[in-house]
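Observations on the three-dimensional arrangement
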Amino acid sequence: MVNFIIKYLLIAIAVFVFAKYIDGIVIQDDNFVISLKVALAMGFVNTFLKPVLKIISFPITLLSLGLFLLVINVILVYLVSHFVTGFNVHGFLPPLLFSFGISVVSTILGWILD
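Below, the structure is looked at part by part. (Residues numbered from 1 in each chain as written. Predicted model: local features only at pLDDT ≥ 70, side-chain atom pairs only at ≥ 80, totals over all residues. Heavy atoms only, no water.)

What to know about the packing of helix α1 (residues 2-21) against helix α5 (residues 93-113)
Between two packed helices, what matters for the description is the angle formed by their axes and the separation of those axes. Under the convention used in this document: Between the N-to-C directions of two axes lies an angle of 0 to 180 degrees, each axis being a line fitted to C-alpha atoms and, for a helix, fitted only over the stretch in contact. Secondary structure elements follow DSSP: runs of H or I of four or more residues count as helices, runs of E of two or more count as strands, with numbering from the N terminus. Just so you know how the angles are binned, under 35 degrees is roughly parallel, over 145 roughly antiparallel, 65 to 115 roughly perpendicular, and the rest oblique. It is the rotation of the near helix from the far one that decides the hand of a crossing: anticlockwise by less than a right angle makes it left-handed, clockwise makes it right-handed. Here, two residues are considered to be in contact whenever any of their heavy atoms come within 4.5 Å of each other. Under the grouping applied here, Gly and all other residues not named as nonpolar or charged are polar, the nonpolar ones being Ala, Val, Leu, Ile, Met, Phe, Trp, Tyr, Cys and Pro and the charged ones Asp, Glu, Lys and Arg.
Between α1 and α5, the shortest axis-to-axis distance is 10 Å and the interhelical angle comes to 155°. With respect to α5, the element α1 is oriented roughly antiparallel. Crossing geometry of α1 relative to α5 is assigned as right-handed. Of α5, the residues touching α1 (which contributes Asn3, Ile6, Lys7, Leu10, Ile11, Ala14, Val15 and Phe18) are Phe98, Gly101, Ile102, Val105, Ser106, Leu109, Gly110 and Leu113. Counted by class, the contact of α1 with α5 contains 11 nonpolar, 4 polar and 1 charged residues.

Structure (structure tokens):
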């Protein structure tokens, strides 16, 4: 349980930092509470919705040699921005970089904390 909380807080910090340095990702008023909400929503979306979308889009993903998974990641970031007030996303490349960055941080934290 402690590792989960530490990982969650570190991902929220990563969300906050990425929002500072990636143009097109905006956290209103630089509020860390919004970063916590985004980290929780991203975890929920990646746990429950992403596997379903991957199964549904398998034919397109196969035809695109896996590149459609990038589109799924962008869609999920836009979905989170729709439901978390104060988190705004613009364009295609910024949410792609954001989702990639969060994935890298989450993977590294998983290696260290699990």
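So much for the structure itself; the text now carries on.
Section: helix α4 (residues 68-83)
Quick reminder of the rule: Take the number of residues in a helix, subtract one, and multiply by 1.5 Å to get its expected span. Type-normalised accessible area, obtained with a 1.4 Å probe on protein chains alone, sets the label of each residue: buried when under 20%, exposed when over 50%, and partly exposed for intermediate values.
Taking 1.5 Å per residue as the helical rise, α4 with its 16 residues ought to reach 22 Å, and the 23 Å between its terminal C-alpha atoms agrees with that figure. Here α4 has its buried residues at Ile72, Asn73, Val74, Leu76, Val77, Val80 and Ser81. Packing partners of the buried residues in α4 comprise α2 (32-56), β2 (87-89) and α5.

Notes on the environment of Asn73
Locating Asn73 in the fold gives a position in helix α4. Taking C-alpha positions, Asn73 is 15 Å from Gly24, a pair spaced 49 residues apart along the chain. Discounting residues that sit within four places of it in the chain, Asn73 has contacts with Lys50 and Ser99.

Description of a nonpolar patch on the surface
Inclusion rule: Within the patch definition used here, like charges are joined within 9 Å and nonpolar side chains (Val, Leu, Ile, Met, Phe, Trp, Tyr) within 5 Å, considering only residues with over 30% relative accessible area and no salt bridge. Every accessible area reported is derived by Shrake-Rupley at a probe size of 1.4 Å, with residue values counting cover from the shown protein chains alone. Here, a salt bridge means any side-chain nitrogen of Lys or Arg that lies within 4 Å of a carboxyl oxygen of Asp or Glu.
Taken together, the side chains of Met1, Val2, Phe4, Ile5, Ile6, Leu9, Leu10, Ile13, Val17, Tyr21 and Phe32 make up a nonpolar region of the molecular surface, amounting to roughly 1,100 Å² of accessible area. For the nonpolar patch, the element with the highest residue contribution is α1, accounting for 9 residues. Relative to the elements of secondary structure, Tyr21 occurs in helix α1. Judged by relative accessible area, Tyr21 falls into the exposed class, the value being 70%.

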